[in-house]
Amino acid sequence: MTKTFARRRILGAAGAALAVLTFGVPAEADTLDDIRKAGKVRIPIDLAIPPFGMTDDKMQPAGSDVDLARLLAKDLGVELEIVTTTGPTRIPFLQTNKADLVVSTLSITPERAKVVDFSLPYADHPSVVAGMKGDSIKQMSDLDGRKVAVVRGTTQDTDLTRQAKGAQLIRYEDDATMALAFASGQVDVLATARSLLPAISKKNPARTLEPKITMQTFYLAIGMRKNEPKLLDWVNKWVRTNLENGKLVAIYKTWHGIEIDPAPLLKAGG
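For every chain, the first residue of the written sequence is number 1, and numbering continues from 1 along that sequence. Per-residue local features of the predicted model are confined to residues with pLDDT of at least 70, and side-chain atom pairs are confined, for both listing and counting, to 80 or more; whole-chain, interface and lining totals are unaffected and use all residues. As a convention, hydrogens and water are excluded, and side-chain values are obtained from all of the structure's heavy atoms.

## Details of the packing of helix α2 (residues 31–38) against helix α9 (residues 229–244)
Working step 1: For the pair α2 and α9, interaxial distance at closest approach is 6 Å and the crossing angle is 75°. Judged on the interaxial angle alone, α9 and α2 are roughly perpendicular. Contacts from Thr31, Leu32, Asp33, Ile35 and Arg36 in α2 reach Lys230, Leu231 and Trp234 in α9.
Working step 2: Think of it as three bins: nonpolar holds Ala, Val, Leu, Ile, Met, Phe, Trp, Tyr, Cys and Pro, charged holds Asp, Glu, Lys and Arg, and polar takes everything else, Gly as well. Its residues assigned to classes, the contact of α2 with α9 comprises four nonpolar, one polar and three charged. Axes here mean lines fitted to C-alpha atoms, for a helix over just the part in contact, with angles spanning 0 to 180 degrees between N-to-C directions. Runs of H or I in DSSP of at least four residues are treated as helices and runs of E of at least two as strands, each being numbered from the N terminus. In this scheme, roughly parallel covers angles under 35 degrees and roughly antiparallel covers those over 145, while 65 to 115 is roughly perpendicular and the rest are oblique. The contact rule is simple, with two residues in contact once any of their heavy atoms fall within 4.5 Å.

Printed below as a string of structure tokens:
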């Protein structure tokens, strides 16, 4: 075997190996282009958690997450396809390519961040102890000896069990039952998400709730599959723009009766 021939064989083998390595690397995903080519964006929304998501009297999707998704689709220049979801199926829909983005009260947590990427937060989602106007509750010790309604197994249940040992916790199986208990006067204090207070108060306007103690503050964001830099960049710019121009603030106030402050949201997103 001549030296020239041997050299050619070595170079050829090296080239083949490089080709295998190159084609073996998965291509970067580009869901943003796929959405535009399809002319629609698929977004899961839970329609059973008003005022974020629900159906109106004409059985059409409504709520703050629905309006947010509609605005996002409009600005993308595509149609919105709402994929009905529940809490446990939101992220699996992304992972199995049944959805492009998730807008469904998806709070940012370290555990979720391991499997999905989050946009800048578009709203805060505080967990609060609430009571009637005029009720002087400023700290957990003020709950000693008081009946406090809470939904069983929630973060509010966990936090109160740990922090308000002197309170008498009255546990309900869901938010609707707890709301009726407050409206009927069975309890005067409850712990829930701040966003639910207007809806609970609406059941009996004579018994208006207001937040007294903030236990935790979660941040809601738009979720997407990992390794989607173009999509993440577009969504982040969209959230920032619509927080600064007030459109997302207006959507939240329309449905929740609360005006969110964009500054902490932009700061929380880095």
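## Focus on the environment of Pro61
Working step 1: Position of Pro61 relative to the elements: it lies in strand β3 (residues 61–62).
Working step 2: Each C-alpha atom of the pair Pro61 and Asp46 lies 9.7 Å from the other, and the pair is 15 residues apart in sequence.
Working step 3: When sequence neighbours within four positions are dropped, the list of residues in contact with Pro61 reads Leu47, Met54, Val66, Arg70 and Ile82.

## Concerning the pattern of salt bridges
Working step 1: A pairing counts as a salt bridge when a side-chain nitrogen of Lys or Arg comes within 4 Å of a carboxyl oxygen of Asp or Glu. Under the criterion given, the structure shown has 15 salt bridges.
Working step 2: Taking the shortest distance from any N to any O, the salt bridge between Asp233 and Lys237 comes out at 3.2 Å. With Asp233 and Lys237 both in helix α9 and four residues apart, the pair spans about one turn of that helix.
Working step 3: Through salt bridges with shared partners, one network takes in Asp30, Asp33 and Lys230.

## With respect to the nonpolar core
Working step 1: Residues belong to a common nonpolar core when they are buried Ala, Val, Leu, Ile, Met, Phe, Trp, Tyr or Cys residues joined through side-chain atoms within 4.5 Å. Exposure classes here rest on a 1.4 Å probe applied to the protein chains alone. A residue is buried below 20% of its type maximum, exposed above 50%, and partly exposed in between. Ranked by internal contacts, the top residues of the largest apolar core, which has 37 residues, are Leu101, Tyr122, Ile222, Trp238, Val239 and Leu248.
Working step 2: Within the residue set of this core, elements represented by two or more residues are α2, β1 (40–45), α3 (64–76), α9, α10 (247–256) and α11 (262–268).
Working step 3: The leading source of residues in this core is α3, at seven residues.
Working step 4: Setting aside residues up to four positions removed in sequence, Leu101 forms contacts with Val41, Arg42, Ile43, Pro44, Leu72, Leu94, Ile222, Gly223, Met224, Leu231 and Val235.

## A few points about empty space enclosed by the protein
Working step 1: In this analysis a 1.4 Å probe is tested at points of a 1 Å grid over the protein atoms alone, and where it fits but cannot get out there is a cavity; an open set with protein on both sides within 12 Å along at least five of seven lines is a pocket; lining residues have an atom within 4 Å of a point. Grid points are joined across faces, edges and corners, and a volume is the space filled by probe spheres set on the points. The final tally for this structure, using the stated rule, is one cavity of 30 Å³ or more.
Working step 2: Its volume calculated, the largest cavity comes out at about 70 Å³.
Working step 3: Along its surface, the largest cavity is lined by Phe52, Ser64, Asp65, Leu68, Tyr122, Ala123, Leu248, Ile251, Tyr252 and Ile260.
Working step 4: Among the secondary structure elements, those contributing two or more residues to the lining of the largest cavity are α3 and α10.
Working step 5: Here the residues of the lining of the largest cavity sort into eight nonpolar, one polar and one charged.

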